[in-house]
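A look at the structure
What follows is the residue order along each chain.
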Amino acid sequence: MAENNNTGSQIRRVLMKGNEAVGEAAIKAGCLCYFAYPITPQTETPEYLSRRMEEENRIFLQAESEIAAINMVFGASAAGARVMTSSSSPGISLKQEGISYIAGAELPCVIINVVRGGPGLGNIEASQADYFQSTRGGGHGDYRCIVLAPNSVQECYDMTMNAFDLADFYRVPVIIQNDGIIGQLVEPFEMHPYKPMFEKLPSKNWALTGCAGRDPNVVRTLYLKPPDGLEQLNRKLDERYKKIQAELRWAELSNCDKADLIIIAYGATSRIAKSAIKRHNNNGQKVGLFRLKTLWPWPNVELVEIARKNKDAKFLVIEMSTGQMLEDVLLSLMDVVPKKDILFYGMGGGWNPTPDMIYEKIAEVLAE
Amino acid sequence: MNIVKTQPKSITTESTKYCPGCGHGIVLRLIGEVIDELGIREKMILTAPVGCAVILYDYIFCDVIECAHGRAPAVGTAIKRVHPDKFVLIYQGDGDLAAIGTAEIIHAANRGENMSVIFVNNAIYGMTGGQMAPTTLIGQKTTTSPFGRTIKGMGKPIRVCELLATLEETKYLERTSIHSVRNINKTKAAIRKVFQNQLNGIGFSLVEILSMCPVGWKVSPKEAIQFIEEQMINCFPLGVYKDTE
């Protein structure tokens, strides 16, 4: 399935912060409700939307907690509205209860996580240490969320629009996994009108609207009967997740055709790696970049194909964590690349590598 | 022959899963009667709580959402904002509303959300088998206060109507009981009032209903009625705590 990142003639080039672009994209995609709680480094989104939602005569509510905010998302989504919330890592931890209920009730919604350093309060610097939490479900129970990872303000804008469509199409929560760098980044981007990814979205005939002229709709999260009721739900969800895995794997490949070394990264680290890779390419080194745009589903088929094309290539995973996505790389390549050729360069929550540091690391790997 | 009383049309079940002597069934019946009298079943969206009333959707024939423990006022807030023309009913117990969901109820009340809340207070966690609740009386024995609740270390019972009355955006707060026919009739009038307030756009209205839990209290249904009359009412005085209409 292709992304929809451009269309229409009314394109304006504007300068905006990632956190604001996310808000404007929500407005353009027809988000009726936004519920959130302030937390650094995502607070520009509620600030932006407190004004814009009012201007558009839509619903903005600053909730008493992250827990209340996600439960408002649960209610609004059940009522049939397009709805979004945003937060940063400690706040996303609080939201996990509600995300589990939303996933269990098969409801669509969009959740922005501008990841900061952890564990605990951690710090307010950029981080990618919420990878496990986002890609493995996060709350209790057996479920997944679609996870999109922008690395520019343009993609903050485009992917937020895509997120609403994907949520409605598959009836699952969609997470935009941002980080403190991309959320705070100010750069120009093309603000285009919203164009849906799908010609037709499934009808929301399950929504709570009062049962006039129909049987009641029940948004359930408890399955005590029949005895296998919950099993049936989990099988149904599993089938849906497999369908999403088959249809939605986004990755950006550069110089991956004849490479000695492939860098694997997403979000801010992919931008930083890009500058380092460019310097090596200019020196004649064959270094490619495999940049993930979906963290779940993980583009494993695409990576395996690259590994098959570049038989002796090494792979270097770069993350702002102590090695979380690394596990998905190892799982993807376990049958095609010897483990010793899969390398890792990362730093724990709350600090980021510089282009020079990545340049040096690449040089070191190439020299081995 | 004239039919004087019959099962409300909005109630879909002939029997509930509530224990013998439990008060939830009486409250259910009253809700059903008021829904029928006001003709609001088809515009109603109900939040089911965690606790003994969790499967309310098997009993009331209307749109229902099953909420996480304590979160119904937040869920209901969003539903009412999306559908201001619909009728949103929040049904909660004392563990749900006065312990795990204190933040949600206080802030929904403080925002003056135009919703109707039915708060069933039976001074115990019924569904999990009789543990101490925020409204458990001093001296009351439960499975987690086996020697009786003490002020020291456990605090005093939380009086929800009195607490919410301090918030200026609450419009109607009343505490009733269902331990006698007279009080059941009063409770029905209070339910009607909090429903009517939402329909008239008055704002946040709540009725707290003292209710029997003989199984959780480990007494007979008759003793449960006596417990409300002789002890609970002393701690939770009945009456209207706020009426700003």
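What you are looking at is a predicted structure, and each value in this text was computed from that prediction instead of being measured.

Rules and cut-offs
- Residues numbered from 1 in each chain as written.
- Chains lettered and ligands numbered in written order.
- Predicted model: local features only at pLDDT ≥ 70, side-chain atom pairs only at ≥ 80, totals over all residues.
- Helix = DSSP H or I, 4+ residues; strand = E, 2+ residues; numbered from the N terminus.
- Rg over C-alpha atoms; globule rule 2.2 N^0.38 Å.
- Buried ≥ 20, exposed ≤ 12 C-beta atoms within 10 Å, placed from the backbone.
- Pairing = 2+ DSSP bridges.
- Right-handed = clockwise from strand over helix to strand, strands pointing away.
- Arc of directions from axis to C-beta.
- Contact = placed C-beta atoms within 7 Å.
- Nonpolar A, V, L, I, M, F, W, Y, C, P; charged D, E, K, R; others polar.
- Axes fitted to C-alpha atoms, helices over the stretch in contact; angles between N-to-C directions.
- Parallel < 35°, antiparallel > 145°, perpendicular 65-115°, else oblique.
- Left-handed = near helix turned anticlockwise from the far one by under 90°.
- Core = buried A, V, L, I, M, F, W, Y, C linked by C-beta atoms within 7 Å.
- pLDDT = per-residue confidence, 0-100.

**Some points on the overall build of chain A**
When helices and strands are tallied, chain A shows 12 helices and 15 strands. Relative to the globule expectation of 21 Å for 368 residues, the C-alpha radius of gyration of chain A, 21 Å, shows essentially globular dimensions. Referenced to the eigenvectors of the C-alpha coordinate spread, the extents of chain A come out at roughly 70 × 50 × 45 Å. Counting across all 368 residues of chain A, residues that qualify as buried make up 52%.

**Some remarks on the pairing of strand β2 (residues 33-36) of chain A**
Look at any regular strand and the pattern is simple: side chains alternate between the two faces of the sheet. All names here are of chain A. Along β2, one buried face is formed by C33 and F35 and the opposite face, lined by Y34 and A36, is buried too. Relative to strand β3 (residues 59-62), β2 is paired through 4 bridges, and the arrangement is parallel. Opposite A36, over in β3, you have Q62 as the bridge partner. With helix α2 (residues 44-55) bridging β2 and its parallel neighbour β3, the resulting β-α-β unit is right-handed. Sheet analysis places β2 next to strand β4 (residues 83-87), joined by 2 bridges and oriented parallel. Bridge pairing in β4 places C33 opposite V83.

**Observations concerning helix α10 (residues 300-309) of chain A**
Residues and elements named next belong to chain A. Considered for burial, the residues of α10 that qualify are L303, I306 and A307. On an axial view of α10, the arc spanned by its buried residues comes to 100°, and they lie on one face. For α10, exposure combined with an orientation more than 90 degrees from the buried face picks out R308 and K309.

**Quick look at the interface of chain B and chain A**
Counting residues at the interface gives 27 residues for chain B and 32 residues for chain A. When contributions to the side of chain B that touches chain A are tallied by element, the ones reaching two or more residues are β1 (44-48), β2 (63-66), α2 (72-82) and α4 (102-110) of chain B. Counting residues per element, the side of chain B that touches chain A draws most heavily on α2 of chain B, which supplies 8 residues. When grouped by side-chain class, the residues that make up the side of chain B that touches chain A number 15 nonpolar, 4 polar and 8 charged. Note that strand β9 (residues 218-219) of chain A and β2 of chain B share 2 bridges and pair parallel. Each residue of the ladder has a partner; that of V218 of chain A, found in β2 of chain B, is V64 of chain B.

**Structural notes on the packing of helix α1 (residues 24-38) of chain B against helix α7 (residues 181-199) of chain B**
Residues and elements named next belong to chain B. Between α1 and α7, whose axes approach to 10 Å, the crossing angle comes to 45°. By the angle between their axes, α1 is oblique relative to α7. The handedness of the crossing between α1 and α7 comes out as right-handed. Where α1 approaches α7, its residues I26, L30, I31, E33, V34 and L38 are matched on the opposing element by I184, T187, K188, I191, R192, F195 and L199.

**Focus: the nonpolar core**
F35, M72, V73, V174 and I263 of chain A together with L46 and I118 of chain B are the most contacted members of the largest nonpolar core, which has 186 residues in total. Setting aside residues up to four positions removed in sequence, V73 of chain A forms contacts with F35, V83, T85, G98, I102 and C109 of chain A.

**Some points on α4 of chain B**
Looking only at α4 of chain B, the buried set comprises E104, I105, A108 and A109 of chain B. The arc that holds every buried residue of α4 of chain B, seen down its axis, measures 120°, which confines them to one face. Residues of α4 of chain B that are buried sit in contact with α3 (66-78) of chain A together with α2, α3 (94-100) and α6 (160-165) of chain B.

**A closer look at the confidence of the model for chain B**
Caution applies to low-pLDDT parts of the model: their predicted coordinates are not meant to be read in detail. Residues with a pLDDT of 70 or more make up 100% of chain B, whose mean pLDDT is 96. This prediction of the complex comes with two scores: 0.96 for pTM and 0.97 for ipTM.

**Quick notes on the sheet that holds β2 of chain A**
Residues and elements named next belong to chain A. Strand order across the open sheet formed by 7 strands is β3-β2-β4-β5-β7-β6-β13, with mixed pairing between neighbours. The open sheet has two edge strands, β3 and β13 (294-296), and neither has a second partner. Taken pair by pair, the neighbouring strands of this sheet meet at an average axis angle of 20°, ignoring direction. Against the sheet, α2 contacts β2, β3, β4 and β5 (109-115), and its axis sits at roughly 140° relative to β3. Its contacts with the sheet place helix α4 (residues 89-104) against β4, β5 and β7 (173-179), and it is angled at close to 160° to β5.

**Regarding the sheet that holds strand β14 (residues 314-319) of chain A**
Residue and element names in this part refer to chain A. Read across the open sheet, the 5 strands follow the order β10-β12-β11-β14-β15; overall the sheet is mixed. Only two strands of the sheet have a single neighbouring strand rather than two, namely β10 (251-254) and β15 (342-346). Across the sheet, the axes of successive neighbouring strands diverge by a mean angle of 20°, strand direction being ignored. The pairing of strand β11 (residues 261-265) with β14 spans 4 bridges and is classified as parallel.

**Things to note about the environment of N19 of chain A**
Here N19 of chain A shows up in helix α1 (residues 18-28). Through-space distance from the C-alpha of N19 of chain A to that of E47 of chain A is 9.7 Å; in sequence the pair is 28 residues apart.

**Remarks on the pairing of strand β5 (residues 172-177) of chain B**
All names here are of chain B. Where burial is concerned, most of β5 is hidden: 6 out of the 6 residues are buried. When β5 meets strand β6 (residues 205-210), the two strands line up parallel, connected through 6 bridges. Counterpart to T176 in the pairing with β6 is I209. Since β5 and β6 lie parallel, the crossover through α7 that links them has a hand, and here it is right-handed. Taken together, the 4 bridges between β5 and strand β7 (residues 239-243) define a ladder with antiparallel strand orientation.

**Topic: the environment of L210 of chain B**
Residues and elements named next belong to chain B. As for its position among the elements, L210 is in strand β6. A tally of 26 C-beta atoms within 10 Å means that L210 is categorised as buried. Residues L210 and E229 lie 19 residues apart in sequence; the distance between their C-alpha atoms is 9.9 Å. For L210, the contacting residues outside a window of four places in its chain are N121, S177, I228, M232, I233 and F236.

**Some words on unusual backbone geometry**
One can expect most non-glycine residues to show negative phi and most peptide bonds to be in trans. Across the junction of T40 of chain A and P41 of chain A, the peptide omega takes the value 5°, indicating a cis bond. Inspection of the secondary structure assignment puts P41 of chain A in the loop between β2 and α2. Backbone torsion omega between G118 of chain A and P119 of chain A reads 5°, so that peptide bond is classified as cis. Counting through the fold element by element, P119 of chain A comes out in the loop between β5 and α5 (131-135). With a phi close to 55°, R171 of chain A is a non-glycine residue in the positive phi region. Along the chain, the position of R171 of chain A falls in the loop between α6 (153-170) and β7. Phi at K218 of chain B takes a positive value of approximately 60°, unusual for a residue other than glycine.

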